[in-house]
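# An overview of the molecular structure
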Amino acid sequence: MADPNKNKKSKDRWPLRVFLIAVALSAVMSFCSSAVLEDSGLWIPILVLVIFILLGIVFDMIGVAVTAADPKPFHSMAAHGEKGGREAIRLLNMSNRVSSLCNDVVGDICGIVSGSTAAVIVVELQQSFNLRSILVSIGVTALISGLTIGGKAACKPIAINDSTKVVYRVARIMNALHLFR
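What this report covers is the structure whose coordinates are included nearby. (Residues numbered from 1 in each chain as written. Predicted model: local features only at pLDDT ≥ 70, side-chain atom pairs only at ≥ 80, totals over all residues. Heavy atoms only, no water.)

What follows covers the environment of C110. Examined against the element boundaries, C110 turns out to sit in helix 5 (residues 95-128). Considered as a pair, C110 and I57 are 53 residues apart in the sequence and their alpha carbons are 9.2 Å apart. Sequence-distant contacts of C110, that is, excluding residues within four places in its chain, are made with M29, F52, L55 and G56. (Helix = DSSP H or I, 4+ residues; strand = E, 2+ residues; numbered from the N terminus. Contact = heavy atoms within 4.5 Å.)

Put into structure tokens, the structure is as follows:
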């Protein structure tokens, strides 16, 4: 017989686990970003910024899709041995954790790293154009916020209306990478 306390213990440890995942991911992403940004000029930080904004948008879309998707098609896929079917079911069974990980952990880390990358871009712009105006910082920050929030808003309808497709694509990638096995 299954231990009824096992599920409760697992739920009790989730905040600690997500904290540790967040710390580790943040450290890795910050380290990689810092290593790439050091003495890199203007274009590399802009590329890094775009990558982190896109990562934040994509993971937000995944987090929303996992909470909106219907599991029925995935049960059928898994029963027929279709690649990604089992992974999709696992994603949906853990939708609260997947959503938390995608939206909160990855999304927030991408936002934080985007902010530190913005600081590098502001300094580079100020040095390149010999400016000391706060308007450069305000403009860069506003643009990054607009791109991030606008991108997430544009992708939310896709995540909700095409949740099955989004979850299936993620599940296929996970299957190909042998994750969740």
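Resuming the write-up.
Attention now moves to the nonpolar core. In this structure, F74, L91, V140 and V167 are the most contacted members of the largest nonpolar core, which totals 33 residues. Secondary structure elements with two or more residues in this core: helix 2 (43-68), helix 3 (72-79), helix 4 (85-93), helix 5, helix 6 (134-161) and helix 7 (163-176). No other element matches the eight residues that helix 2 contributes to this core. Not counting residues up to four positions away in its chain, the partners in contact with V140 are A118, I121, V122 and L125. (Core = buried A, V, L, I, M, F, W, Y, C linked by side-chain atoms within 4.5 Å. Buried < 20%, exposed > 50% of the residue type's maximum accessible area, 1.4 Å probe, protein only.)

When the charged atoms of two side chains lie near each other, side chains of opposite charge can form a pair. Using the criterion set out here, one finds one salt bridge in the structure. Between D60 and K156 there is a salt bridge, with its nearest N and O atoms 2.6 Å apart. One end of the pair, D60, is in helix 2; the other, K156, is in helix 6, and 96 residues separate them in sequence. On the basis of relative accessibility, which here comes to 7%, the residue D60 falls in the buried class. (Salt bridge = Lys/Arg side-chain N within 4 Å of Asp/Glu carboxyl O.)

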